[in-house]
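Residue strings, one per chain:
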Amino acid sequence: MRSRFLPLCLVFMLAACDRGTTDSPVKPIAVGVITLKSQPVTLFTQLPGRTTAVRTAEVRPQVSGIILKRLFVEGSEVKAGQPLYLIDPASYQATYDRALATFENAHRLATRYRPLVEARAISKQSYDDAVAAEKQAKAELEIAAVNLNYTHVRSPITGRIGRSLYTEGALVTNGQSSYLTTIQQLDPIYVDVSESSQELLRQRRALAEGKLQAVGQNAAEVKLTLEDGSNYAQPGKLEFSEVTVDETTGSITMRASFPNPDRDLLPGMFVHAILPRGVDHLGLLAPQEAIMHDTKGRPYVYKVGADNKVVEQVIKTGEMLNSQWMVTEGLQAGDRLVVEGLQLVHDGSQVEPSEYKPGVVKRANLTTADPSAQ
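As the structure is a prediction and not an experimental result, all values here were calculated from the model.

In this section: the overall build of the protein. Regarding its fold elements, the protein presents four helices and 21 strands. The 374 residues of the protein split such that 33% are buried. For the protein, the accessible surface area stands at approximately 23100 Å², while carbon and sulfur atoms represent 52% of it.

Below, the structure is given as structure tokens:
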């Protein structure tokens, strides 16, 4: 008799255990959240560009002759007016000396004729001829002096000089097409960037509609990223933008000026300029760790509702600012985003949120996690 009741007891015990397990409440998952707040956010545009010298001078001879000396070190800094080459001055010196003698003789003759014409000892025509000869001799003397001075080929600007394309003994001519060397002014230095005309129109429209506010003069600094990814230490400023659109690319060229005291920037470098576009006074920034992407690459977040349940929310993002994404659609101020414990939750999870504090690591108790989230 006892053996007949034993299976029934076991069935009742198992049923009771099963009922107890089903009725036990699932504990909410402890997560860290941040509450979004609207704040003024300065938006930037990163555009590729190239550096270019403020001034570039191609040095050419203005008289013909043989180069006797090169008077500079290639790659060095030169000053405006500094002699760079010496062209053989012998023939130009002789021409100057002859012109000087001619002028002195003409000047003495004109000086001697002046009192004579006043005393009517000579004709007025003779005196006029003497004065004209003096002026002509003076002009020829000045031309000879200029040509003699041009035998010293001087730097037209202050800057860094390049390599010399001519050596001592080379024959150069006045008006030749090839230059002797080049000089570039590198401090400051220009950075030319191109922006799409469509993007420029969108920006202007946003400013006109009040979606963006213009940045102040003190905030309108341009920053630079170099070819190796490093940041250039000196900020620059936007000088101007072209008034015409390039027909082939549909872009507008803008020019920024950067101080370059250490000559770290050289003409022709490929760089990225970061320019301020405007200020969004109701901007929303979400931390990078709160944003995930689905299989189609769309960004989404886990938002905690008023009932402390997780909702998967698809969003749209703009640019990244200091490890935070600018959120353009899908969220609003006051929304709470899960940033800690993301691996434990899913859409619909019941959570116990607490404000996330960076640098404070919480130990997740896996026994309190929702079993369906594992």
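Additional details are given in the paragraphs that follow.
Looking now at helix α3 (residues 124-150). Between its first and last C-alpha atoms α3 spans 39 Å; for 27 residues at 1.5 Å apiece the expected length is 39 Å, and the two agree. For α3, the secondary structure elements touched by its buried residues are α2 (90-118) and β6 (152-154).

Our next topic: the layout of surface pockets. Space left empty within the atom packing is revealed by a probe, the size of a water molecule, rolled over the atoms. The computed volume of the second largest pocket comes to approximately 310 Å³. Lining the second largest pocket are 13 residues, with Thr42, Phe44, Met320, Leu321 and Asn322 sitting closest to its centre. Those elements that provide at least two residues to the lining of the second largest pocket are β2 (39-59) and β18 (316-321). Among the elements that make up the lining of the second largest pocket, the one with the highest residue count is β2 (five residues).

Further remarks concern the sheet that holds strand β14 (residues 285-287). Sheet strands associate in pairs through backbone hydrogen bonding, adopting either a parallel or an antiparallel arrangement. An order of β14-β19-β18 is seen for the three strands of this open sheet, with the pairing classed as antiparallel. Edge positions in the sheet fall to β14 and β18, since each has one partner strand and no second. Neighbour to neighbour, the strand axes of the sheet diverge by 40° on average, direction disregarded.

Turning our attention to the sheet that holds β6. Pairing within the open sheet is antiparallel, and its four strands lie in the order β6-β5-β3-β8. Of all strands in the sheet, those bounded by a partner on one side alone are β6 and β8 (171-172). As defined by bridge partners, strand β3 (residues 65-70) adjoins strand β5 (residues 83-87) across three bridges and the pair is classed as antiparallel. Bridge assignment links Ile67 to a residue of β5, and that residue is Ile87. Strand contacts of α3: β5 and β6, with the helix running at about 70° to β6, the strand carrying the most contacts.

Right, let's talk about the confidence of the model for the protein for a bit. Within the protein, residue pLDDT values average 83, and 81% of them lie at 70 or more. Within the protein, helix α1 (residues 2-23) has the poorest average pLDDT of any element, 48, and β5 the best, 97. Ignoring residues within four places in sequence, the model shows residues 363-374, a span with pLDDT below 50, making 17 contacts including any to other chains.

Along the chain, Asn260 turns up in the loop between β12 (251-258) and β13 (270-283). Owing to a relative accessible area of 0%, Asn260 belongs among the buried residues under this scheme. Discounting chain neighbours no more than four positions away, the residues touching Asn260 are Leu186, Asp187, Pro188, Ile189, Tyr232 and Leu265.

Where α2 contacts α3, the two axes come as close as 8 Å, and the packing angle between them is 155°. The angle between the axes of α2 and α3 places the two elements in the roughly antiparallel class. Two packed elements cross with a definite hand, and for α2 against α3 that hand is left-handed. Classifying every residue of the contact of α2 with α3 by side-chain character gives 19 nonpolar, six polar and five charged.

Sheet topology places β18 next to strand β19 (residues 324-329); four bridges connect them, and they run antiparallel. Counterpart to Met320 in the pairing with β19 is Trp325. Taken together, β18 and the strand that follows it, β19, pair antiparallel across an intervening segment of two residues, in which Asn322 is found at a positive phi of about 55°.

Here α2 spans 43 Å end to end across 29 residues, near enough to the 42 Å set by a 1.5 Å rise per residue. For α2, every residue scored as buried is listed here: Tyr92, Ala99, Phe103, Ala106, Ala110 and Val117. Each element contacted by the buried residues of α2 is listed here: α3. Residue Arg120 follows α2 closely and has a positive phi angle near 60°.

Right, let's talk about a nonpolar patch on the surface for a bit. Nonpolar side chains collect at one region of the surface, where Ile66, Leu68 and Leu171 lie side by side and expose about 260 Å² of accessible area between them. Within the secondary structure, Leu171 sits in strand β8. Overall, Leu171 belongs to the exposed group, its relative accessible area being 57%.

The next thing to look at is the packing of aromatic side chains. Aromatic ring pairs are reported here in terms of the distance separating the ring centres and the angle at which the planes meet. Overall, the coordinates contain three aromatic pairs when judged by the stated rule. Ring centres 6.3 Å apart and planes at 70° place the aromatic pair Tyr232 and Phe258 in the edge-to-face group. Of the two residues, Tyr232 is situated in the loop between β10 (221-225) and β11 (236-241) and Phe258 in strand β12; the sequence distance between them amounts to 26 residues. Here Tyr232 falls in the buried class, since its relative accessible area comes to 11%. The class of Phe258 is buried, set by a relative accessible area of 0%. One cation-aromatic arrangement involves Arg70 over Phe72; the distance from NZ or CZ to the ring centre is 5.4 Å.

Calculation rules
Residues numbered from 1 in each chain as written. Predicted model: local features only at pLDDT ≥ 70, side-chain atom pairs only at ≥ 80, totals over all residues. Heavy atoms only, no water. Helix = DSSP H or I, 4+ residues; strand = E, 2+ residues; numbered from the N terminus. Buried < 20%, exposed > 50% of the residue type's maximum accessible area, 1.4 Å probe, protein only. Areas by Shrake-Rupley, 256 points an atom, 1.4 Å probe, with all protein chains shown as cover. Expected span 1.5 Å × (residues − 1). Contact = heavy atoms within 4.5 Å. 1 Å grid on protein atoms, 1.4 Å probe; cavity = no way out; pocket = protein on both sides within 12 Å on 5 of 7 lines; lining within 4 Å. Points joined across faces, edges and corners; volume = space filled by probe spheres on them. Pairing = 2+ DSSP bridges. Axes fitted to C-alpha atoms, helices over the stretch in contact; angles between N-to-C directions. pLDDT = per-residue confidence, 0-100. Parallel < 35°, antiparallel > 145°, perpendicular 65-115°, else oblique. Left-handed = near helix turned anticlockwise from the far one by under 90°. Nonpolar A, V, L, I, M, F, W, Y, C, P; charged D, E, K, R; others polar. Patch = residues over 30% accessible without salt bridge, like charges linked within 9 Å, V, L, I, M, F, W, Y side chains within 5 Å. Salt bridge = Lys/Arg side-chain N within 4 Å of Asp/Glu carboxyl O. Phe/Tyr/Trp six-rings, centres within 6.5 Å; stacked < 30°, edge-to-face > 60°. Lys NZ or Arg CZ within 6 Å of the ring centre and 35° of its normal.

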